Amino acid sequence: MTILIEQPDLNVPQLEVKKVLDSENNEEMCELVLDGGFVMPKDIADNDGCVKPEVLESNDEFIAPDINAFGQTFRDYNAESERQKSVEEFYRLNHIHQTYDFVKRMREEYRKMDRVEMSIWECCELLNEVVDESDPDLDEPQIEHLLQTAEAIRKDYPNEDWLHLTALIHDLGKVLLLPSFGGLPQWAVVGDTHPLGCAFDESIVHHKYFEGNPDHHNPSYNTKHGIYSEGCGLENVMISWGHDDYMYLVAKENGTTLPEAGLFVIRYHSFYPLHKSGAYKHLMNKEDKENLKWLNIFNKYDLYSKSKVRVDVEKVKPYYLSLIDKYFPAKLRW
Ligand SMILES: [Fe+2]
Ligand SMILES: [Fe+2]
């Protein structure tokens, strides 16, 4: 068992080497602790806190590092099997590290909104710097994905302007990968989400890796209802931490006037066990069921490879700026 001696400082946006104590042999060892308190596997970290050069170069033993990879080229997805391996490794880390306590800590930390001040549009532009390793269309700038999704919905639902804006902003929470937002590892930002505090449903992708999650062995957390009651409402359920929940908090804390359905779409769009497999429906209340209808509509458009129609950013920008003005303050705290 590994015990962290120092509490991580979430405001230090970089990797740090911290001393950890191995409780079995009481030996001090150096391990790489990511900002946010995540211990990085020793096999990809050097003692100076850098990713080992051989990890960056090796193709056969390649494990996609779980850290955010800015400025570093880790991607080698020529072979589909390589990609599958890295996706599996991503979920292994996600399922081991996303615990009830971890999510609680993240929500408390990030709802302070004390990092950056900027407008929604500034954040859209900032998102272009983000690489989402779980995104199959890695070459496409994120802003294109946002605008393609928004424009496709706008065409089919011209009167639901709130849904156009929801589409534009639904992935902005991926800025969590950037150093100025804490530089969280990929497993704490992207990928499918699921509830904590109750049993992990079999439909969750790569379910077997929950074996390594302490919550899986906690009798309070590993029953169908866990700490929740039938129909308690998703609002009361802790969901694994990532860009969905963060963007929801940003919108909420900055006093958005988006309707509840828009906030629901932002908050649960990666909750595939619910909207794809129908798991956890017993936790939903009446409002959730209503809002889920909109999420199902939204999800048909949130497909990366579906639309390759280029969007002229400058042409559509005035329309989206008017929506931002309608539903958000000029500057938001992030
Ligand atoms: Fe997303
Ligand atoms: Fe998306």
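The shown structure was predicted, so the numbers you read here are calculated from the model rather than taken from an experiment. (Residues numbered from 1 in each chain as written. Chains lettered and ligands numbered in written order. Predicted model: local features only at pLDDT ≥ 70, side-chain atom pairs only at ≥ 80, totals over all residues.)

Novice: What should I look at first to understand the overall build of the chain in this one?
Specialist: Each helix and strand counted, the chain has eleven helices and eight strands in total. Put simply, the chain has 334 residues, and 40% of those count as buried. Pairs at least 24 residues apart make up 70% of the contacts formed inside the chain by residues separated by at least 6 positions. (Helix = DSSP H or I, 4+ residues; strand = E, 2+ residues; numbered from the N terminus. Buried ≥ 20, exposed ≤ 12 C-beta atoms within 10 Å, placed from the backbone. Contact = placed C-beta atoms within 7 Å.)

Novice: Any chance you could explain the UniProt feature "binding site: substrate" (unreviewed entry) in the chain here in plain terms?
Specialist: In the numbering used here, UniProt assigns the feature "binding site: substrate" (unreviewed entry) to R75, D132, E133, S134, K174, G191, D192, H269 and S270. As for its position among the elements, K174 is in the loop between α6 (161-169) and β6 (195-196). Since 28 C-beta atoms lie within 10 Å of it, K174 is described here as buried. (UniProt positions renumbered as here; feature names shortened; annotations may be inferred.)

Novice: What should I look at first to understand the environment of S203 in this one?
Specialist: Its place among the elements puts S203 in the loop between β6 and β7 (238-239). With 15 C-beta atoms packed within 10 Å, S203 lands in the partly exposed category. Taking the C-alpha atoms as reference points, S203 and K276, 73 residues apart in sequence, are found 9.3 Å from one another. Leaving out residues up to four positions away in the same chain, S203 has contacts with P273, S277 and A279.

Novice: What am I meant to see in the UniProt feature "binding site: Fe cation" (unreviewed entry) in the chain here?
Specialist: The UniProt entry lists H145, H170, D171, H243, H269 and D302 under the feature "binding site: Fe cation" (unreviewed entry), expressed in the numbering used here. Looking at the secondary structure, you find H269 in the loop between α8 (260-268) and α9 (272-275). Once you skip the residues sitting within four places of it in the chain, H269 turns out to touch H170, D244, L295, F298, N299 and D302. For D302, the location among the structural elements is in the loop between α10 (286-301) and α11 (313-327). Note on D302: 20 C-beta atoms within 10 Å, which makes it buried.

Novice: Whenever I open this one, unusual backbone geometry confuses me. Can you help?
Specialist: Trans is the common state for peptide bonds, and a negative phi is the common state for residues other than glycine. Its identity as a non-glycine residue notwithstanding, M113 has a phi of 55°, on the positive side. One non-glycine residue, Y280, adopts positive backbone phi at about 65°. Position of Y280 relative to the elements: it lies in the loop between α9 and α10. Residue Y280 is classed as buried on the basis of its C-beta count, with 23 C-beta atoms lying within 10 Å.

Novice: Whenever I open this one, the nonpolar core confuses me. Can you help?
Specialist: It is characteristic of soluble globular proteins that their nonpolar side chains tend to be buried jointly. In this structure, L168, V175 and M247 are the most contacted members of the largest nonpolar core, which totals 70 residues. Each of domain 1 (2-97) and domain 2 (100-333) accounts for three or more of the residues forming this core. Ignoring sequence-local partners within four residues, the contact set of L168 consists of C124, L146, L147, A150 and Y320. (Core = buried A, V, L, I, M, F, W, Y, C linked by C-beta atoms within 7 Å. Domains from an automatic or database assignment.)

Novice: I'm lost on helix α3 (residues 100-110) in this one. Help?
Specialist: Turn by turn, an α-helix covers 3.6 residues, leaving residues three or four places apart pointing in a common direction. Buried within α3 we find Y100, F102, V103, M106 and Y110. For α3, the arc enclosing every buried residue in end-on projection is 165°, short of the 170-degree limit, so these residues lie on one face. More than 90 degrees from the buried face of α3, the exposed residues found are D101 and E108. (Arc of directions from axis to C-beta.)

Novice: Would you mind showing me how to read the environment of K112 here?
Specialist: With respect to the secondary-structure elements, K112 resides in the loop between α3 and β5 (117-118). K112 gets classed as exposed once you count the C-beta atoms within 10 Å, which come to 12. Along the primary structure K112 and L249 are separated by 137 residues, whereas in three dimensions their C-alpha atoms are 9.6 Å apart.

Novice: Is there a simple way to think about α6 in this case?
Specialist: Here α6 lies mainly inside the structure; eight of its nine residues are buried. Of the residues making up α6, those classed as buried are W162, L163, H164, L165, T166, A167, L168 and I169. Against the buried residues of α6 lie α4 (120-126), α5 (142-156), α7 (243-253), α8, α10 and α11.

Novice: I would appreciate a short explanation of the packing of α8 against α10 in the present structure.
Specialist: The angle between the axes and the distance between the axes are what describe a pair of packed helices. In contact at an axis separation of 9 Å, α8 and α10 are set at 65° when each is read in the N-to-C sense. One finds that α8 runs roughly perpendicular with respect to α10. As for the relative orientation of α8 and α10, their crossing is right-handed in sense. Contacts from E260, A261, F264, V265 and Y268 of α8 reach α10 at E287, N291, W294, L295 and F298. (Axes fitted to C-alpha atoms, helices over the stretch in contact; angles between N-to-C directions. Parallel < 35°, antiparallel > 145°, perpendicular 65-115°, else oblique. Left-handed = near helix turned anticlockwise from the far one by under 90°.)

Novice: Would you mind showing me how to read the confidence of the model for the chain here?
Specialist: For the chain, per-residue confidence averages 80 on the pLDDT scale, and residues scoring 70 or more make up 73% of the total. Between residues 1-77, whose pLDDT stays under 50, and residues either more than four places distant or in other chains, the model counts 113 contacts. (pLDDT = per-residue confidence, 0-100.)

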